Amino acid sequence: LHMKGRGSLVKYLRKVDSYLHRTIGTNVVSAQEEREGCKSLYAVQAERQEQAERSVLISCHTRTNEKKFLKYLSMHGDINKYFFYESYGMYAVVEFANRESLASLFEEAAIPIVSHESMVPFKSRLLSLRNLGSADPPNQQSGQRCQSQTTIPINELIQRLSKEGSIDQQMTSLTDVYQLTEENSRLRFLVCSLLKDIAAAYFPECTIKPFGSSVNGFGKLGCDLDMFLDLDGISGRNAKMPKSGFLLEYQMKQTNSERAVTQSILSVIGDCVDQFGPGCVGVQKILNARCPLVRFAHQPSGFQCDLTANNSFRSWSEWDVSWVQIRTAACQVAMKSTELLYLYGELDPRVRHLVFTVRCWARAHAITSSIPGAWITNFSLTVMVLFFLQRRSPSVIPTLDHLRDLAGPADKSFIEGNDCTFVSDFGKIHLQSNPETLERLLCEFFEFYATFPFNKMSISIRQGKELNKPEVAPLHIQNPFETTLNVSKNVNATQLDRFVALCKESSWLLQQTETSKARGGNVEKAPAPWGLASLLVPLQVAVTKGRKKRRPEPASERIKSLLASLKNPNQQKKS
Ligand code: CTP
Ligand code: MG
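The model shown is predicted, which means the values in this text are computed figures rather than measured ones. (Residues numbered from 1 in each chain as written. Chains lettered and ligands numbered in written order. Predicted model: local features only at pLDDT ≥ 70, side-chain atom pairs only at ≥ 80, totals over all residues. Heavy atoms only, no water.)

Let's shift gears to the packing of helix α3 (residues 41-53) against helix α8 (residues 182-199). As a packed pair, α3 and α8 sit with axes 8 Å apart at the nearest point and diverge in direction by 70 degrees. For the element pair α3 / α8, the angle class is roughly perpendicular. The handedness of the crossing between α3 and α8 is right-handed. Residues Q45, R48, Q49, Q51, A52 and E53 of α3 form the contact with α8, whose own contacting residues are E182, S185, R186, F189, L190, S193 and K196. Here the contact of α3 with α8 is composed, by residue class, of three nonpolar, five polar and five charged. (Axes fitted to C-alpha atoms, helices over the stretch in contact; angles between N-to-C directions. Helix = DSSP H or I, 4+ residues; strand = E, 2+ residues; numbered from the N terminus. Parallel < 35°, antiparallel > 145°, perpendicular 65-115°, else oblique. Left-handed = near helix turned anticlockwise from the far one by under 90°. Contact = heavy atoms within 4.5 Å. Nonpolar A, V, L, I, M, F, W, Y, C, P; charged D, E, K, R; others polar.)

Around the magnesium ion (ligand 2), the donor atoms from the protein are D224 (OD) and D226 (OD), and they sit 2.1 to 2.2 Å away. A relative accessible area of 29% places D224 in the partly exposed class. (Donors = N, O, S within 2.8 Å, 3.2 Å for Na, K, Ca; no water. Buried < 20%, exposed > 50% of the residue type's maximum accessible area, 1.4 Å probe, protein only.)

Turning to its location among the elements, Q170 is positioned in helix α7 (residues 167-178). Here the side chain of Q170 touches W530 through a polar contact of 3.2 Å, landing on its backbone oxygen. A distance of 2.7 Å separates a polar side-chain atom of Q170 from the backbone nitrogen of L532. Ignoring any residue separated from it by four or fewer positions in sequence, one finds Q170 in contact with L161, S162, E164, W530, G531, L532 and A533. (Polar contact = N/O pair within 3.5 Å; in protein donor to acceptor, adjacent residues only side chain to side chain.)

For helix α6 (residues 154-162), the complete set of buried residues consists of L157, I158, L161 and S162. The arc that holds the buried residues of α6, viewed along the axis, is 130 degrees, so those residues lie on one side. Of the surrounding secondary structure, the elements contacted by the buried residues of α6 are α7, α11 (349-364) and α17 (532-536). (Arc of directions from axis to C-beta.)

Spanning 19 residues, helix α15 (residues 493-511) covers 27 Å between terminal C-alpha atoms, matching the ideal 27 Å at 1.5 Å per step. Along α15, the residues that are buried comprise Q495, L496, F499, V500, L502, C503, E505, S506, S507, L509 and L510. (Expected span 1.5 Å × (residues − 1).)

Enumeration according to the criterion identifies five cavities of 30 Å³ or more in this entry. Of the voids in this model, the largest cavity is the one considered here, and its volume is about 80 Å³. Every residue along the wall of the largest cavity is listed here: F122, S124, L126, V191, L194, L195, I198, P278, C280 and H298. Here the lining of the largest cavity is composed, by residue class, of eight nonpolar, two polar and no charged. (1 Å grid on protein atoms, 1.4 Å probe; cavity = no way out; pocket = protein on both sides within 12 Å on 5 of 7 lines; lining within 4 Å. Points joined across faces, edges and corners; volume = space filled by probe spheres on them.)

Below is the structure:
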């Protein structure tokens, strides 16, 4: 603990604290001390990135013997961490203690012999392990336990939540089941690192960083992997003042717009990923979007990937701009909002539980979708939850303006003239003491948005209050950093109406004693959905003989049958 510093000490004390709290009702770590021990997103990212660079991804036979596998790889150096998982076959992520071990491993790796096809001679850290000797027979215990990289289906989740004793427990349990695991997070950084090896062929100083739900603390297992090709390392920011009468410059090709540069970089990298990237399939270049991107599937990890790039590469250097970081591009703003969401999620555990719950509820009722369209997005929904928490009295989390006021000189950040400054030192943030339970917050969330004046007002987490709508749009959520933009511009009136109707229905359901209280009883029997579980029961869409879908049952019918099923669980309809 002494070696690892204050962060680990606080983590350890937090465990002791939670034990004492459960057993004798005493806390040893204050919420403030917990916040002081929190690592910034940058620190977490730097650590994960470094681990990823010492790691390899190995496709192996399902019957590979774990002990022999480890013994074989350990010949190249100490292994810090490894795990197995399944995705179109079995894979292992292996993190060595030192980078030199990778070089030693590669010296031994052979080029596969194929008779009919040709190969692209690009070597990467994605390898295959062949069993030359006899593989273990099927009935012999090979030992390795596969880590799941996906979540359980919604019906299973409903059953699991129904066994919990309170709505608060249901919400924490939902977060536990859905959140990214340590292993999944490592895999995400490893995929970024593997792609960096491809991009580095053109831009050796580049890095590829994950953003969005992979790192903001609100990611669900199976969520897409948003990546950002960062070329900042190439720019002349670190150039020193010329000491002699000479200044040596690189000759560089010039184009007429930064956007055009981003598009051509992504186009070239997209082609490389498509043609040289092992395991990368279905590459699509979407270069005309506001934030140009390359989309593809990374088969060995099972991740759907979106790669964007910054175009902040400019010919200015340290002596031009010394006091603030001036950066350009919409994608840079996305990085900032990722950092902000991460901070809010770390401030109070209720933030993450409520966001996970609302996201899951919205997905169960098709309020959100994996297909782009006129629906509310997870990002918009998260901002709505944050806004609601700012509006509680006393507030659960502070406004963005308050976080900006707490910022130090090193936190200053401007992106295309937008002030993206906010405090990075969690210890400076003092929260108001709001004692509300998760159950209460969930009920109030539904109530709040069931009656919110969407026709006139806009949602602003910067100011933490409703603002007059500056433009006509069914749902107006101010972009926290580009305040003239609407985060939910895509949402149409029908989708907003569905959201409001479901908030009303869910608020009503939670107030019914039949659905809001745990019904105890026989633990072995599957209990009927109650509390949060009853809110996740999907709308029942009956399928007629001709496979034609009928209109969904009206909400009142659904609720009636749900209440009937609670009175008599055996007659519960299958959904
Ligand atoms: N983003 C943004 N402004 C938007 C949309 C997105 O700043 N109008 C940023 C947010 O930081 C968001 C990230 O881009 O987290 C990635 O967007 P997206 O993939 O749509 O959202 P996620 O938060 O990653 O959620 P999901 O799990 O649905 O992918
Ligand atoms: Mg995403």
